[in-house]
Amino acid sequence: MRDRLRALIAAAAPAAALALLWGRMEEPVSLGALLAVAAVAIVPAGVRRAGLRAVVAVTVILAGLSLVFRAAPQELLPRTEGTWLGAIVGQAKDGLRGFERVALPFDPGERPEMHALVLVAVLGFGIAVALAVAAHRPLLASAAVVVGGGWATASVDGGPDLALGALLLAATLWPLVVLRVRSPREGVTSAAAVLLVLTVGAGAAAAGAVPREPYLDWKSWSLVDSVGERLGVRYVWDGQYDGIRFPSRRTTVLRITADRSARYWRASTLDLFTADRWIENLYPVVLSEPSRRLPGDPLLPAAAGDPEAWVRQDVEVVRLDDDRLVSAGQPMRVESTTLSRVFVLSGGVMRVPDGIGRGERYTIWGYVPRPLPRELVRSQPTYAAGLARYLVIDRAALPPFGEPRREAVVERLFVDDRYIAVRAYRPLWEEARRVAGGARSPYEATLAIERWLRTKGGFRYEEQPPRGQAPPLVDFVVRHRAGYCQHFAGTMALMLRMLGVPSRVAVGFTSGKWKDGVWDVADRDAHAWVEAWFDGYGWVTFDPTPGRGTLTAGYTFASDSADAIRALGRGALLDVVDLGATTGTVAGASPAAAAEDGPAPARGRAAALVALGVLLALLAVVLAKLVRRRLRYVSGDPRRIALAVRRELEDVLLDQRVPVRRGASLPELRVAAERGLGVPLGALVEAVGRARFGPPERAGSAAADARRELRRVRALVRERTRPATRARGALSVRSLVVR
């Protein structure tokens, strides 16, 4: 009896707090109904036996739903045609639609279906807390409080943040304290500790001792769209460099049926660089019907006119709030039975004047060039007059690649009083000339800049980069070398124009996740990349941003083929010199200091002993890693081998200082590797999944595939990291000590 009373006390306070937090959605608050539901929800906490507790929990759920939605329980019995469930589902749908359209707080008298959902939330989270407490799982109970309370608090703007935070924190700590108290003295001590935590937190907040940006923005948790916004995801495609924040919850914006080749889905192009940023500068070409072949683009090659070279894409708009049609490559034909007329703009951008609604479907055939590296390296800098606009930086026209004395012409632009705005970008010109000034073709120059930004220049992906006084892209290259796709793509396009290669920034989405013939494209896949123009091929995609996406193409360092990347690095596919000579370092960084002329004679022996000890310690670290790795694969069980592959992948990430926790899931490891190292893990994750969860007769071959893919990943990490970084990873003890 005493244990059951303790469990009820442990569940009562969090349930009441959840009722108060969810009640903030209503005005006036139905406090009596909320607390009554909370009281009913914690009843299972008072039941000792697990089986009986489950029966009580189901009974409470059925009774609670019946009361909340005013559905008679007897209608659940046979011969009632499921009217009980139908009534509940119908009212729940109405309530969800209400949350999408009605501002919070709402009047429960006018919106009973929304009020019912609030009561269901209190009931559901309250039962979760009660069951966790009854099973003596205080951490699970606290987790239920955090999720339920965080969701409720984030759904309503305004309010006393400090008080709400204190209430949520107290409700979270309460089960941990009550379930572990064994005496009145412990109870007093624990209550005092909780009070101290709340007091210190309140004092720190009142004194301003909190960061301006929260490390974990708990108030941004929301499963309901913000009031006043359309039910979709909207983007501002023009360049901005102040920082981005992707939502914590992945939202699908498009579903595209196409083949498995990874491509980027382009929404628009940023052709003009002015006032320190890239912006759209498109002109209309034609107003077209949505079911016809589009007018030809004079900048496209003759091969683009062959329908056999087109890629079909069946697009479904899920939650993208934009009037642009997306397409891989240059759109050549569009078909739709529901879209109105389509504005075709320069650069192959298409906009629908009447907008594109959720659920809209259309089909686009696009021309996507996939040249071989040897073909691009032979492409000559023969540029039509229409490409001149892609060689302009803030009104300053730059000479094309290969023009005699072009470097002298560019140098004069930086001292010309007519182009004062361009002067700040001289550091980018100097870096471009250093990295790719010796290139013998536009493709060599493009590849050198892409590789420098993606892997060799000391740049890192950062969604909240530092801010400085210089123009953002200059700061990005000269000072901190931290930024996101807009920084990488904008810098590469600027440097290519300075080198005389027509280029522009493309914006849209990376390929997304492919499954069963459909690419699932999410809000987090929004991206910016570079398109460079080559004679005979038109606009060709390159991506200088590390870890954001890959392409099924062998001509770019953004390729999803490790073999192609290694070959490009060696120059094996180019018939040109090794591009490794065109790497750079962070501006202002100095080489490691040289060793002293020699130790004093009195210290010579001691120094030698120290050096020997350090060497033995380093060898011991390497040997320990090797032995542990071998022992993991002793078992012949494919599932154990798959587990060993996952653990070895964790070791690689830990030793390379990629933030990852022990025991992380394969999707978490994939995200960490792709963001931290720019290494694709799709094939590895798939092979490990087949080995662990696939049919037993195929598990052996899947385990072998997993080990082979892991070797490929390790080779790719070695290829994409500097020698010093590789050495640091080999000697790191993080994988040995982190548990």
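Here's what I pulled together on the structure shown here. Just so we're clear, the structure is a prediction, and the values are computed from it rather than from any experiment. (Residues numbered from 1 in each chain as written. Predicted model: local features only at pLDDT ≥ 70, side-chain atom pairs only at ≥ 80, totals over all residues. Heavy atoms only, no water.)

1. With respect to the packing of aromatic side chains
In total, this model carries 18 aromatic pairs according to the counting rule given. Ring centres of Phe 534 and Phe 542 lie 6.1 Å apart, and the angle between their planes is 55°; on these two criteria the pair is classed as tilted. Members of the aromatic cluster, connected to one another through ring pairs, are Tyr 443, Phe 534, Phe 542 and Tyr 555. Its end group placed over the ring of Tyr 390, Arg 389 keeps NZ or CZ at 5.2 Å from the ring centre. (Phe/Tyr/Trp six-rings, centres within 6.5 Å; stacked < 30°, edge-to-face > 60°. Lys NZ or Arg CZ within 6 Å of the ring centre and 35° of its normal.)

2. Quick word on the pattern of salt bridges
Here the structure, examined in full by the defined rule, presents 29 salt bridges. In this structure, the salt-bridge partner of Arg 250 is Asp 525, at a minimum N-O distance of 4.0 Å. Pair noted here: Arg 250 is in the loop between helix 8 (184-207) and strand 1 (252-257) and Asp 525 is in the loop between strand 19 (518-522) and strand 20 (526-534), with a separation of 275 residues, a long-range link. Given the relative accessible area of 30%, Arg 250 is considered partly exposed. Among the residues examined, Asp 525 registers a relative accessible area of 15% and is labelled buried. (Salt bridge = Lys/Arg side-chain N within 4 Å of Asp/Glu carboxyl O. Helix = DSSP H or I, 4+ residues; strand = E, 2+ residues; numbered from the N terminus. Buried < 20%, exposed > 50% of the residue type's maximum accessible area, 1.4 Å probe, protein only.)

3. A look at the sheet that holds strand 18 (residues 513-515)
Here we have seven strands laid out as an open sheet, ordered 6-9-12-7-1-19-18, and antiparallel in their pairing. If you trace the sheet from one side to the other, it starts and ends with strand 6 (292-293) and strand 18, each paired once. With two bridges joining them, strand 6 and strand 9 (residues 330-335) adopt antiparallel strand pairing. Among the inter-strand pairings, Arg 292 is bridged to a residue of strand 9, identified as Val 334. (Pairing = 2+ DSSP bridges.)

4. Overview of helix 6 (residues 138-155)
Its 18 residues give helix 6 an end-to-end C-alpha distance of 26 Å, which sits within 8% of 26 Å, the value for a rise of 1.5 Å per residue. Those residues of helix 6 that fall on the buried side of the exposure criterion are Pro 138, Ala 141, Ser 142, Ala 144, Val 145, Gly 148, Gly 149, Gly 150, Ala 152, Thr 153, Ala 154 and Ser 155. (Expected span 1.5 Å × (residues − 1).)

5. Some thoughts on the sheet that holds strand 8 (residues 324-325)
Across a sheet, paired strands are connected by hydrogen bonds in the backbone, their directions being either parallel or antiparallel. What the four strands build is an open sheet, ordered 5-10-11-8; its pairing is antiparallel. This sheet does not close on itself; its edge strands, each paired only once, are strand 5 (284-288) and strand 8. Summarising the sheet, strand 8 and strand 11 (residues 350-351) pair through two bridges and their orientation is antiparallel. Each residue of the ladder has a partner; that of Arg 324, found in strand 11, is Arg 351.

6. Points about the pairing of strand 20
For strand 20, a buried count of nine out of nine residues is recorded, marking the element as mostly surrounded by other parts of the structure. Residues Ala 526, Ala 528, Val 530, Ala 532 and Phe 534 line one face of strand 20 and the alternating positions His 527, Trp 529, Glu 531 and Trp 533 line the opposite face, and both faces are buried. Across seven bridges, the pairing between strand 17 (residues 503-509) and strand 20 is antiparallel. The residue bridging Arg 504 from the neighbouring strand is Glu 531, located in strand 20. Note that strand 20 and strand 21 (residues 538-542) share five bridges and pair antiparallel. Bridge pairing in strand 21 links Trp 533 to Trp 539. Connecting strand 20 to the next strand, strand 21, in antiparallel fashion are three residues, including Gly 536 with a positive phi near 95°.

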